Amino acid sequence: MTTPDDALTYVYAAAPLTTGLRDALMGLRGIYGSPVLFVTAPPGTGGPAPPLAFATSHVPRRDFNESALKNHFEDLEWLEDVARAHHDVVQALSTHTTVLPLRMATVYQDDERAGQSLAEQHDAFAERLAQLTAHTEFGVKISLAPTAAPAGTGPVPDAGADAAATPGKAYLQRRRAQHNAQEAVYSQAREAAGIIETVASRYASQHVRHPTQRGTLTGPVENVLNDAYLVPDAYAEPFRAAIEAAVGDFDGIRVEVTGPWAPYSFAMPPAERRHSAPGEEHGS
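Residues numbered from 1 in each chain as written. Predicted model: local features only at pLDDT ≥ 70, side-chain atom pairs only at ≥ 80, totals over all residues. Heavy atoms only, no water.

Colleague: Help me understand the overall build of the chain, please; the structure alone is not making it clear to me.
Modeller: A tally of helices and strands in the chain yields eight helices and nine strands. Buried positions account for 43% of the 284 residues belonging to the chain. Taking the intrachain contacts of the chain between residues at least 6 apart in sequence as the baseline, contacts between residues at least 24 apart amount to 77%. As displayed, the chain has an accessible area near 15,100 Å², and 54% of this comes from carbon and sulfur atoms. (Helix = DSSP H or I, 4+ residues; strand = E, 2+ residues; numbered from the N terminus. Buried < 20%, exposed > 50% of the residue type's maximum accessible area, 1.4 Å probe, protein only. Contact = heavy atoms within 4.5 Å. Areas by Shrake-Rupley, 256 points an atom, 1.4 Å probe, with all protein chains shown as cover.)

Colleague: Would you take a moment to explain the packing of aromatic side chains for this structure?
Modeller: Aromatic ring pairs are defined here through the distance separating the ring centres and the angle between the ring planes. On inspection of all chains with the given rule, the structure shows nine aromatic pairs. Ring centres of F54 and Y108 lie 6.3 Å apart, and the angle between their planes is 20°; this geometry places the pair in the stacked category. Residue F54 is located in strand β3 (residues 52-60), and its partner Y108 is located in strand β5 (residues 107-108); the two are separated by 54 residues in the primary sequence. By the burial criterion, F54 is buried, and Y108 matches it. Ring geometry for F54 and F125: centres 5.9 Å apart, planes at 70°, overall edge-to-face. Of this pair, F54 sits in strand β3 while F125 is found in helix α6 (residues 122-132), placing the two residues 71 residues apart along the sequence. Assigned by exposure class, F54 and F125 land together as buried. (Phe/Tyr/Trp six-rings, centres within 6.5 Å; stacked < 30°, edge-to-face > 60°.)

Colleague: Whenever I open this one, the pairing of strand β6 (residues 135-144) confuses me. Can you help?
Modeller: For a regular strand, side-chain orientation follows a simple rule: the groups alternate between the two sheet faces. Taken across its ten residues, β6 has nine buried, putting it largely inside the fold. Of the strand pairs in this sheet, β6 and strand β8 (residues 222-232) are connected by ten bridges, and their pairing is antiparallel. Of the residues in β8, the one forming a bridge with T136 is V231. With seven bridges joining them, β6 and strand β9 (residues 253-261) adopt antiparallel strand pairing. Counterpart to E137 in the pairing with β9 is W261. (Pairing = 2+ DSSP bridges.)

Colleague: How do you make sense of the confidence of the model for the chain when you look at a structure like this?
Modeller: Do not read the fine detail of predicted coordinates wherever pLDDT is low. Confidence in the prediction of the chain, expressed as mean pLDDT, is 82, and 75% of residues score 70 or more. Throughout residues 148-156 the model reports pLDDT below 50, and contacts reaching past four residues in sequence, or to other chains, amount to 14 contacts. The model gives residues 271-284 a pLDDT under 50, and that stretch makes 42 contacts with residues more than four places away or in other chains. (pLDDT = per-residue confidence, 0-100.)

Colleague: Hey, could you run me through α6 in this one?
Modeller: Given 3.6 residues per helical turn, the α-helix brings residues three or four places apart onto the same face. The complete set of buried residues in α6 reads H122, F125, R128, L129 and L132. The buried side chains of α6 occupy one side of the element, clustering within an arc of 135° when seen end-on. Residues of α6 that are exposed and point more than 90 degrees away from the buried face comprise D123, A124, E127 and A130. Following α6 by one or two positions, A134 has its phi on the positive side, about 65°. (Arc of directions from axis to C-beta.)

Colleague: Got a minute to help me understand unusual backbone geometry in this structure?
Modeller: Of all residues except glycine, most have a negative phi; of all peptide bonds, most are trans. Residue G259 is joined to P260 through a cis peptide bond whose omega torsion reads 5°. In this fold, P260 is placed in strand β9. Its identity as a non-glycine residue notwithstanding, A105 has a phi of 70°, on the positive side.

Colleague: Explain the pattern of salt bridges to me, please; I cannot follow it from the model alone.
Modeller: Two side chains that carry opposite charge are able to pair once their charged atoms sit near each other. Counting across every chain of the model gives four salt bridges. The residue E197 makes a salt bridge to R209 at a minimum N-O spacing of 3.7 Å. Of the two residues, E197 sits in helix α7 (residues 167-200) while R209 sits in strand β7 (residues 206-209), which places them twelve residues apart along the sequence. For E197, a relative accessible area of 35% puts it in the partly exposed group. The closest approach of N and O atoms between R209 and D227, which form a salt bridge, is 2.8 Å. With R209 in strand β7 and D227 in strand β8, this pair connects stretches of sequence that are 18 residues apart. Connected through shared salt-bridge partners, E80, D81 and R84 make up one network. (Salt bridge = Lys/Arg side-chain N within 4 Å of Asp/Glu carboxyl O.)

Colleague: Which parts of the structure should I look at to understand the environment of V89?
Modeller: Structurally, V89 is set in helix α4 (residues 76-94). The buried category is assigned to V89, whose relative accessible area is 1%. Ignoring any residue separated from it by four or fewer positions in sequence, one finds V89 in contact with Y12, L28, R29, G30 and V36.

What follows is the structure, encoded as structure tokens:
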């Protein structure tokens, strides 16, 4: 299928062109409610294995050309809507087949350009998909609960303990106690993180440490660990159960295991994860 002149080809993921992928695409809608289709490489690409395909949609050029994207990335509402649609498509595909998620806003001038890019990167995509087959991603986060009272607002120590305490001294005592309590919580978080990494290594084949989350993503809690693990499907439930059992007795921290997810964190080999996604073009 060719792309209309006023549209670009948006790519969600690469996947083997199997019956599972075709089934997943039936009735699937993506960004702006557009149908999710597939684009293949030109004939003669690849070997005897099932050919690879890009899961795609046609999106308005006015919203996804390079200059428009620069503006849209400052629009949090638009960004959230597109990110959710992208994620929903990738997750829907991942329930039927192995997928290699591409970065949000990976676009090409038309289907032909997308197919050419797929051909150029076919071997790299195929190798990575083979490593991801029968694996899913799990997230593990550690967060600290908000302190019971902000500094300087806690109860004053019992005057009987130090009848001569001045207001200034009482304030310093409160601050010291709060600092010690917070340090104890951080110490528990570090201990829990070490235990999690040790336990997870028994089940996971790969591990990525992401930057901790801040701001609206976490609300009043402080995120101090944000890890992702690539786990064989056969170990998915044992992995979750082992993590939850290993850190269930820690106070003052919250450990959250999420997943299974499509393997976003492992879409590229480890040495390349900090660079742009393969095949990414922004409307040029």
